[in-house]
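Residues per chain, in single letters:
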Amino acid sequence: MGLKVTSKLSVPLSSEKMIAKANTLNISQLIFDLEDSVINEDKEIARSNFKKIKYQSPVSHAVRINPIQSQDFEKDLELINNFNNNYDRIVIPKIGIRD
């Protein structure tokens with residue numbers, strides 16, 4: 001069985017300061033967020049920051065991607081496929097249907 005997750009912290013990938021701070025905390029899972037904690041204007045910055053992440057065991061690293069109906073979904077998939085050593089889990093975005 002994998003690492004038991006007892007505490008989680010979600011960090012917007014657009015903030016290098018928050019990413020650095022998160023790596024100093026005693027938590028069991030970091031969730032790197034590409035979705036709603038990142039404003040549209042900073043999505044590319046967030047993807048660039050994801051490429052720089054150094055995986056640190058035993059902390060579990062997850063990445064939260066944008067929804068399938070968004071313009072960022074394909075870019076997120078390409079990113080996580082090319083940098084699959086930077087995470088061990090994918091967090092599926094909220095599913096919403098608008099009428």
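Structure: above.
The structure presented is a predicted model; accordingly, all values stated were derived computationally and were not measured.

Student: Describe the pairing of strand β3 (residues 60–64), naming the residues involved and giving the relevant values.
Tutor: One face of the sheet, then the other: side chains in a regular strand alternate in exactly this way. Burial analysis of β3 places five of its five residues in the buried class, the great majority of the element. With five bridges joining them, strand β2 (residues 29–33) and β3 adopt parallel strand pairing. For D33, the partnering residue across the bridge sits in β3 and is R64. Relative to strand β4 (residues 89–91), β3 runs parallel, the two being bridged by three bridges. Bridge assignment links R64 to a residue of β4, and that residue is V91. Handedness of the crossover joining β3 and β4 through helix α3 (residues 73–82) is recorded here as right-handed.

Student: Which residues make up the nonpolar core, and what values do they have?
Tutor: Ranked by internal contacts, the top residues of the largest apolar core, which has 19 residues, are L13, L30, F32, L34, F50, V63 and I80. Going through the elements one at a time, α1 (16–22), β2, α2 (43–52) and α3 are the ones with two or more residues in this core. Of all the elements, α3 adds the most residues to this core, at three residues. When near neighbours in sequence (up to four residues on either side) are disregarded, V63 contacts F32, L34, F50, I80, Y87, R89, I90 and V91.

Student: Could you give an account of the pattern of salt bridges, naming the residues involved and the relevant values?
Tutor: A full pass over the atoms with the stated rule returns eight salt bridges. Ionic pairing is found between K52 and E16, a salt bridge with its closest N-O pair at 3.7 Å. Placement of the pair is K52 in helix α2 and E16 in helix α1, with a sequence separation of 36 residues. Given a relative accessible area of 46%, K52 falls into the partly exposed group. With a closest N to O distance of 2.5 Å, E35 and R64 form a salt bridge. On the criterion of sequence distance, the pair formed by E35 in the loop between β2 and α2 and R64 in strand β3 is long-range, its members being 29 residues apart. For the pair E35 and R64, one class covers both residues: buried. Shared partners join several salt bridges into a network, and the residues in it are E44, R47, D72, K75 and D76.

Rules behind the numbers
- Residues numbered from 1 in each chain as written.
- Predicted model: local features only at pLDDT ≥ 70, side-chain atom pairs only at ≥ 80, totals over all residues.
- Heavy atoms only, no water.
- Buried < 20%, exposed > 50% of the residue type's maximum accessible area, 1.4 Å probe, protein only.
- Helix = DSSP H or I, 4+ residues; strand = E, 2+ residues; numbered from the N terminus.
- Pairing = 2+ DSSP bridges.
- Right-handed = clockwise from strand over helix to strand, strands pointing away.
- Core = buried A, V, L, I, M, F, W, Y, C linked by side-chain atoms within 4.5 Å.
- Contact = heavy atoms within 4.5 Å.
- Salt bridge = Lys/Arg side-chain N within 4 Å of Asp/Glu carboxyl O.

By themselves these figures say nothing about function.
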